[in-house]
Amino acid sequence: MKRRTGNLLTDRPDLYEARFPDPDRLAGRWAEDLLGRYRAGPAVLDLGCGTGRDAAFLHSAGRRVTAADLSRTMLAHARTHHPGPVYAQADLSRFDFGQHAFDAVVCLDSSLLYCHTNEQIDGFLTSCRRALVPGGLLVAEMRNGAYFLGRDEPAAAPAVSRFTWRGTTYRSTTALHIDRAAQLLRRSRRWTADDGTPPVEEHSAWRLLLPQELRHFLTVHGFDVLALHDGPGPRTEPAWHPGARPGTAADGDRLHLVARTTARRQRHVTGRSAGEQAPGPAEPTTGHSSPPATGEQP
């Protein structure tokens, strides 16, 4: 059996977009809504940009977007199919696009959680802090480590999923395992296709960060946390929609973050003091439900 580490879909960006369609650009619209709500300037860095769909939406909304990913294959697809942003290869745990080059950093689809160790998370936040202008914004969306507190292991029976694209049916069998010592949600997945290609076995993992743990990392690295909640967001059920108000709980499978670099040297480009919070939504709602974790979502 052919075996690889990572994700088969990373090597097939066209297949990735077929498996996870987003015709309404929900993730990009959610990010743009927050950037506007908190009055971020126009220069945006999209980290873990994948196929480039969200970066291209932010570009179409009038942002000056630099989009970064570790996968050369994803970046090649993005440049061809989602032009507009400047695309660059970078490691999330250590990148350097210059000092104070961006008004906001966006990191969606659990990309931050590919930083598995504390040192990698420190490197990510150090790099973000360097890249952001004083008062710059960090917007992130990811799995929520708190969702697994007090819950049993994910379902013992692997989850089976099928989809057909261009006449070929793909079948994935996915099993999740919590590595508590490393704080990782480990995923094993076996892909088969009915076109005669050999099966592929792959292994990947996400860091499980607790909300207060994440808040501490951010504070240590000079960020004020403006919002940290479980939804609604682009991956929740029900999903975010324009005008939706964020909740106050952090119980669901997804975690949504807005943070701003603390004020020390100058006023933010919008004219608002870098330490002041831009007005958020009034009367936030409580709690947000999520479906059981299956490993299908990023």
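What comes next concerns the included structure. (Residues numbered from 1 in each chain as written. Predicted model: local features only at pLDDT ≥ 70, side-chain atom pairs only at ≥ 80, totals over all residues. Heavy atoms only, no water.)

Here's the deal with the pairing of strand 8 (residues 168-179)
Sheet faces and side chains relate simply in a regular strand, where the side chains alternate between the two faces. Definition in use: By the convention used here, strands pair only if DSSP detects at least 2 bridges between them. Runs of E in the DSSP output that reach at least two residues are strands. Runs of H or I that reach at least four are helices, and both are numbered from the N terminus.
Pairing geometry for strand 7 (residues 159-165) and strand 8, over seven bridges, is antiparallel. Its bridge partner being in strand 8, R162 is matched across the sheet by R171. Counting the residues in the hairpin turn of strand 7 and strand 8 gives two residues, including R166, whose phi is positive at 55°. Bridge analysis of strand 8 against strand 9 (residues 184-193) gives ten bridges, and the strand direction is antiparallel. Looking at the pairing, A175 lines up with S188 of strand 9. Counting the residues that bridge the hairpin from strand 8 to strand 9 gives four residues, and of these Q183 lies at a positive phi of roughly 55°.

Things to note about the packing of helix 2 (residues 26-37) against helix 3 (residues 53-60)
Put simply, the rule is: Axis definition: a line fitted to C-alpha atoms, limited for helices to the stretch in contact. Angles are taken between N-to-C directions and run from 0 to 180 degrees. Just so you know how the angles are binned, under 35 degrees is roughly parallel, over 145 roughly antiparallel, 65 to 115 roughly perpendicular, and the rest oblique. For a crossing to be left-handed, the near helix must be turned anticlockwise from the far one by less than a right angle; the clockwise case is right-handed. Contacts: residue pairs with any heavy atoms within 4.5 Å of one another. Residue classes follow a fixed rule: Ala, Val, Leu, Ile, Met, Phe, Trp, Tyr, Cys and Pro count as nonpolar, while Asp, Glu, Lys and Arg count as charged, and any other residue, Gly among them, counts as polar.
Between helix 2 and helix 3, the least distance of the axes is 8 Å, while the angle of their chain directions is 45°. Viewed along their axes, helix 2 and helix 3 adopt a mutual orientation that is oblique. The two elements helix 2 and helix 3 meet at a crossing, and its hand is right-handed. Of the residues in helix 3, those touching helix 2 at A27, G28, R29, A31, E32 and L35 are D54, F57 and L58. Residue composition of the contact of helix 2 with helix 3, grouped by class: five nonpolar, one polar and three charged.

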